[in-house]
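# A look at the structure
Okay, here's what each chain looks like letter by letter:
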Amino acid sequence: WGQGEEMSIGSSSARIAFLGLALLASGSLAAASGVNLGGHDSGAPVAVSAKNFTGDFENKIGTYSGDVIVSQGNFKLHADTVRIAVAKGKASTIIATGNVLFDEPRGTASGGKAVYDMAGRAITLTGNVVLTKGKNVMRGTRLTVNLDSGQATMAAQGMPGGRVQGLFTLPPKHKTPKDNGKK
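Now for a description of the structure that goes with this document. (Residues numbered from 1 in each chain as written. Predicted model: local features only at pLDDT ≥ 70, side-chain atom pairs only at ≥ 80, totals over all residues. Heavy atoms only, no water.)

### Remarks on the pattern of salt bridges
Evaluation of the coordinates by the stated rule reveals two salt bridges. Of the charged contacts, one joins R121 and D148 as a salt bridge, the two residues approaching to 2.8 Å between their closest N and O atoms. Of the two residues, R121 is situated in the loop between β6 (107-117) and β7 (122-133) and D148 in the loop between β8 (136-146) and β9 (152-155); the sequence distance between them amounts to 27 residues. Given the relative accessible area of 31%, R121 is considered partly exposed. (Salt bridge = Lys/Arg side-chain N within 4 Å of Asp/Glu carboxyl O. Helix = DSSP H or I, 4+ residues; strand = E, 2+ residues; numbered from the N terminus. Buried < 20%, exposed > 50% of the residue type's maximum accessible area, 1.4 Å probe, protein only.)

Okay, here's the thing in structure tokens:
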């Protein structure tokens, strides 16, 4: 924030942080995890709460710390710390660290660190990455989402067996009146 620039971390940058990280669970991940933003009101007010806020005016970085919760409607981002770097008056990089959890009514995405590179239009979630929807679960160590192409990639480097893991439950099969359990 240079001379004459306002620090807008609590408003537009927080909205960008929330929406950017929320996209971790959208797009092509919807089929796998069931977490998506369908019907989300991106114009709803954004609320940010944290135990502390520090503004570094020289380096143009705002940091929320201590049980950070960013919410918009029924979508929430929880993290130990959310740092927003600003360039040319707009958020350029948003980093959520420590116990990162994106929660919405249909599922969750969690990990140790989330980085939203706004210029590169990419979001990366690292650590113990877990996507859930009901009983469906995907696990890995790195999830990358390209916001332009909608492509998502999950890797499992460092996990036991080095493989992405998924557990998907099928809906119960409904018996037809002819079945009655008899053959």
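So, next bit.
### What to know about the nonpolar core
A general tendency of soluble globular proteins is for nonpolar side chains to be buried together. If you look at the biggest cluster of nonpolar residues, it comprises 27 residues, and the most contacted ones within it are V82, I94, V100 and L143. Elements with a minimum of two residues in this core: β3 (61-72), β4 (75-87), β5 (90-104), β6, β7 and β8. (Core = buried A, V, L, I, M, F, W, Y, C linked by side-chain atoms within 4.5 Å.)

### Let's talk about the pairing of β8
Bridge count between β7 and β8: 10 bridges; the pairing is antiparallel. Along β8, the bridge assignment pairs V130 with R139. Here three bridges tie β8 to strand β10 (residues 165-167), and the two strands are oriented antiparallel to one another. Pairing of V137 across the sheet is with L167, part of β10. With four bridges connecting them, β8 and β9 associate as antiparallel partners. The residue of β9 that forms the bridge with V145 is A152. Counted along the chain from β8 to the antiparallel partner β9, the turn is five residues long, and its residue G150 has a positive phi close to 80°. (Pairing = 2+ DSSP bridges.)

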